[in-house]
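# Summary of structural features
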Amino acid sequence: WPFQTRTRSLMSSTPRLTYFAGWGLAEQLRWVLSAGPQTSSFTQVALSSFSSFASLRASGSLLLNQLPLLEIDGLSLTQSQSMIRYVARKNKMDGGSPAMAARADMIAEGVKDARLPIVKWAFSTDKDAHFRDNVVPAVERYYPLFESFVGGGE
């Protein structure tokens, strides 16, 4: 089962993040890994071909046959939001109470929502229109709220 220890690399004390070369679903996780005192040093594996991805799938390391993959503490974790929550808990970045953990989860989900138009921009046919109609409104909507959260405001 992919969640269990499968290889030597999983037992390493250094977390290992595998994703495609470039930005995408692993960005939030990179931020949280970097911010955490127990995970700030991590290894990144950037897949640059579909054959590399297919080999990883065939190895049985991907629970849902998709990336990103985080190998940490003897686990093979997939699903970016689950990985973010795991790393946050490991680094005691989840607030220390159920209420604060829920607030941290809301912020994480908000970041996920806010970055979607930015991620889609790379695939848009009319980049100027997408930027104007999708990216700018998302930044104007979410970023002041994130600044408020980080600053301790409501």
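Residues numbered from 1 in each chain as written. Predicted model: local features only at pLDDT ≥ 70, side-chain atom pairs only at ≥ 80, totals over all residues. Heavy atoms only, no water.

### Details of the overall build of the protein chain
Counting secondary structure elements, the protein chain contains five helices and four strands. Shown N-terminal to C-terminal, the secondary structure of the protein chain runs as helices and strands in the order β-α-β-α-β-β-α-α-α. Across the 154 residues in the protein chain, those meeting the buried criterion constitute 36%. Considering only residue pairs separated by 6 or more positions, the protein chain has 58% of its internal contacts joining residues 24 or more positions apart. Carbon together with sulfur atoms contributes 59% to the accessible area of the protein chain, which is approximately 9,200 Å² in total. (Helix = DSSP H or I, 4+ residues; strand = E, 2+ residues; numbered from the N terminus. Buried < 20%, exposed > 50% of the residue type's maximum accessible area, 1.4 Å probe, protein only. Contact = heavy atoms within 4.5 Å. Areas by Shrake-Rupley, 256 points an atom, 1.4 Å probe, with all protein chains shown as cover.)

### Quick word on the nonpolar core
Core analysis: the largest hydrophobic core is formed by 20 residues, its most contacted members being L17, L29, L33, L67, L70 and V87. Elements with a contribution of two residues or more to this core: strand 1 (16–20), helix 1 (27–35), helix 2 (50–59), strand 3 (69–72), strand 4 (75–78) and helix 3 (80–90). Residues contacting V87, with those up to four places away along its chain left out, are L29, V32, L33, T39, L70 and I72. Ranked by size, the runner-up nonpolar core spans five residues in total, among them V111, A138, Y142 and F146. (Core = buried A, V, L, I, M, F, W, Y, C linked by side-chain atoms within 4.5 Å.)

### Some points on the confidence of the model for the protein chain
The predicted model of the protein chain averages 84 in pLDDT, with 89% of residues at 70 or higher. Confidence scores differ between elements of the protein chain, with helix 4 (residues 98–121) showing the lowest mean pLDDT of 86 and strand 3 the highest of 95. Overall, residues 1–11 carries pLDDT values under 50, and its contacts beyond four positions in sequence, including any with other chains, amount to 29 contacts. (pLDDT = per-residue confidence, 0-100.)

### Some remarks on the sheet that holds strand 1
Across the sheet, which stays open at both edges, the four strands sit in the order 2-1-3-4 with mixed pairing between neighbours. Every interior strand has two partners, whereas the edge strands, strand 2 (43–47) and strand 4, have only one. On average, each strand axis in the sheet is tilted by 20° relative to the strand beside it, whichever way the strands run. Where helix 1 meets the sheet, it contacts strand 1, strand 2 and strand 3, and its direction lies at approximately 155° from that of strand 1. (Pairing = 2+ DSSP bridges. Axes fitted to C-alpha atoms, helices over the stretch in contact; angles between N-to-C directions.)

### Side note on the pairing of strand 4
What you see with strand 4 is no split at all: L75 and L77 on one side and S76 and T78 on the other are buried throughout. Judged from the four bridges that link them, strand 3 and strand 4 form a sheet pairing that is antiparallel. Looking at the pairing, L70 lines up with L77 of strand 4. Taken together, strand 3 and the strand that follows it, strand 4, pair antiparallel across an intervening segment of two residues, in which D73 is found at a positive phi of about 55°.

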